[in-house]
Each structure stands twice: as structure tokens, then as C-alpha cells.
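Per-entry structural report
This is what each chain is made of:
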Amino acid sequence: MKRYLRLSIIRKLPLFVVLSVLLLTVAFVSASNVEFESEYASYYYSLMPRCDVASLISTFFLIMTALPFFGMNYRYSLGKSDLYRQVAFKDKRIRYGEHLSSLIIICIAFTLAMSVQVATLLTKNYIIAENPAFYLNFIWFIPMYFICLVVGTGLYFISYLFISRSNVFINSLLTFFLGYTFVNCIVYIVIVYSAGDISTASNFLQGPSTIGAISYVAQTFERFICYNEFFLFGNGSEWYYAGAFYTCIIEFILLAALGIVAFIVEKDPSSEWAGKPDSDKPYQEIIFHAGFATIGLIIGSVMDSVMFLSMLVSSLFYVIYAASYYTLYGLLHRNFKLKGYQFAIVFGTVGITFVIGLINALLRYSD
């Protein structure tokens, strides 16, 4: 295992260089743009604390979200699958080595970038600035660094959970986007269809996504570093903001844990499935249809039964939705001539989501 991990890291050195350059550039530029002196700095700081940690955090989290694709090469072609499986390592060791090597190189790159950002801010705050308008609480960069690693690792395994359901890159891309669509919007759908409150439900659209993680981590530590005060995302006195916060945390933890369990326990499909659009398990199908059903319900949630123009626009969106659903489902299986049950699932989902949206619109109107 150690030998394969070392070989995998060496093979990914070009990726390490690219990620390091990207993160180091973001860290240095964002830190260099923070202004510590002058009337403008004092005025801006009084309105909004700013140490610009969000740029580095968001870049790191986005990389972590997409990085599992680089550990799936051995699954995406029959030739590569046979080659990897001929080496003197068990199948799980290959998976462990490929993904752990990716995690190691990105964590090293992030550590270097965070060090550069902190060093630049320290230099500007305490050495270059002659009369600083404020001083940062640099001690908070330490817990921020470790929390970023934990949250970033969680994002990695949530993405792995969706991506690993397929054996072809395009299919993995579809399950990746549709899986995130489902988990990010499910709470919104429950609230908007049970309470009919779109403005409240919209606070739950972030879910356990990269956007939600960036918002919580970046804004919380911006407040700690600048003011040494705790920050709860949104207005903590209103139940739906607190509900969104805790819902995101619970959902994030559960999905990350499920991804880690799948990574450790699951067996990879046999070589005969490598590079093939179909799978020996139903998870790819479930994620695909759950994601598209979610999109249909989102369209239905904004349907207005009062305005004819709104109803017409909603109907046109459903036509586009149905065409996209059919096209991408055909792409998923590399066959646009759907079987009877596949056709029934696609257009049954479209019809059901349209009817649910229409009923919801009529109920809102009757209230």
C-alpha cells in the first residue's frame, strides 16, 4: 500500500504543481489586496470586516469538490482497468492509493498557500503599515486551517460518493451534478411544498454544498479574525436561518460519513464494467432520476396559478425540462431509443412534478 501510494503521488506531481501555483497565487493576491491603513481602510472595516480568507477557502473547497475525478482513471477504461488490476495490489489498495494521493497533494498545496497568506498579512499588518486602522487576530488562522481541511475532506468524499456510482466520466459528471442538486435542494422542496413559503425555503438552497461550506467557514472566521466574535450565518434570532445552519451541518456530516464508508468498504465493479455506461448497481439510476425530479419540483415551486403569463412561462420551462431529461437520459445509457419502462419513468416524472407544482400553485392562490 505504501509503495503504491508513493508511486501515485510521484505520478501526480504535475497536478501538485498546478494546484500549488493556483492556490499560492490566490493566497498572495488576496492577502496583498487587504488594506490596513488610510481613512478608506478604517471606513471599510467599520462596515464589513475584511481579511479576504474567502478567496483561498473557496478555491480550496472547489478543488476538493472536483478532485475525486482525478482518482477514477482506473475505472473509466477497460485498458486502464486491466493494467491497474495486473499489478501486485488488491483492488481496494488501488482505490485507496489513487484517492489518498490526491488528498495528500492538495492538503500540502493548501498548507503552503495558507502559510503564504498568513505571512503576507502579518507583514503588511505589523511591519509595512505605519498606522494600521485595525489589527487582525491571527490566532484564529490555526483553527480555520484545520477546519478547512476537515470540511474540504468531507466535500471530497461527498463528491466521491456521487462520482463513484458510474464507470464513465460523462456519467460521473451527471451523477455529480444531479446528486448535488438533490441534496442541496431537498429541504427547500419540503418547506416550499408544505408551508408554501418560498422566501423562507430559499435559505435552505445551499445544503451541504461547496457554496454552503464556503459561506459558513469563511464568514465565521472573517468575524473571528477581524472582531474576535462568533458569527452565525444569517440572523440567528430567526428560526429559519438557524434551521438552515444546523440542517446543513447534519446533512453534510451524514453524507461525508456515507462517502467515507463507501470509500473504505465497497468493492469496485469488475473490469468488465470499466468504461461502460451501465452499472451493476442501481445507484446511478436512482441519483439521476432523483436529481431530475428535484429540478422539476423546483420549477413547479415557482409556478403561479394567478398570472396567465407565468403559467405559460412555467409550461415552456417544463417542455425544456422534459427535452433535457430525455436527452441526458439517452446520453447516460448511450442509447436515445428508450425502453418502455425508461420512457415511463422519464415522462412520468415530468408529469407528476408538473401536477404537484400546479396543485401547489392553486393551493397558494386559494389561501
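Check the entry above for the structure.
Residues numbered from 1 in each chain as written. Predicted model: local features only at pLDDT ≥ 70, side-chain atom pairs only at ≥ 80, totals over all residues. Heavy atoms only, no water.

**Considerations on the overall build of the chain**
The criterion, for reference: Secondary structure elements follow DSSP: runs of H or I of four or more residues count as helices, runs of E of two or more count as strands, with numbering from the N terminus. Each residue's exposure class comes from its accessible area (1.4 Å probe, protein chains only) as a fraction of the maximum for that residue type: buried when under 20%, exposed when over 50%, partly exposed otherwise. Contacts were defined at the residue level, with two residues in contact if any of their heavy atoms lie within 4.5 Å. Computed with the Shrake-Rupley method and a 1.4 Å probe, the accessible areas treat only the protein chains shown as cover for residues.
Along the backbone of the chain there are 14 helices and 0 strands. Going from N to C terminus, the chain has its helices and strands arranged as α-α-α-α-α-α-α-α-α-α-α-α-α-α. Going through the 367 residues of the chain one by one, you find that 49% of them count as buried. Within the chain, residue pairs in contact and separated by at least 24 positions form 79% of the contacts whose partners lie at least 6 positions apart. When the accessible area of the chain is evaluated, it comes to approximately 17,700 Å², of which 71% is carbon and sulfur surface.

**Here we look at the packing of helix α4 (residues 54-66) against helix α7 (residues 141-163)**
Test applied: Angles shown run from 0 to 180 degrees and are taken between the N-to-C directions of axes, each axis being a line fitted to C-alpha atoms and, for helices, limited to the stretch in contact. Note on angle classes: values under 35 degrees are labelled roughly parallel, values over 145 roughly antiparallel, values of 65 to 115 roughly perpendicular, and the remainder oblique. Two helices that cross are described as forming a left-handed crossing if the nearer one is turned anticlockwise from the farther one by less than a right angle, and a right-handed crossing if clockwise. Residues are grouped as follows: Ala, Val, Leu, Ile, Met, Phe, Trp, Tyr, Cys and Pro are nonpolar; Asp, Glu, Lys and Arg are charged; every other residue, Gly included, is polar.
Where α4 contacts α7, the axes come no closer than 8 Å and their chain directions differ by 30°. By the angle between their directions, the pair α4 and α7 is classed as roughly parallel. Handedness of the crossing formed by α4 with α7: right-handed. Seen from α4, the contacting residues are I57, F60, F61, M64 and T65; seen from α7, they are M144, C148, L149, V151, G152, T153, L155, Y156 and S159. In terms of residue class, the contact of α4 with α7 is made up of 10 nonpolar, 4 polar and no charged.

**Quick look at the environment of L13**
Structurally, the position occupied by L13 is in helix α2 (residues 13-32). On the basis of relative accessibility, which here comes to 41%, the residue L13 falls in the partly exposed class.

**Quick notes on the side chain of N171**
Secondary-structure assignment places N171 in helix α8 (residues 169-194). Leave out the neighbours within four places in its chain, and N171 touches S166, P277, Q284, L331, L332 and R334.

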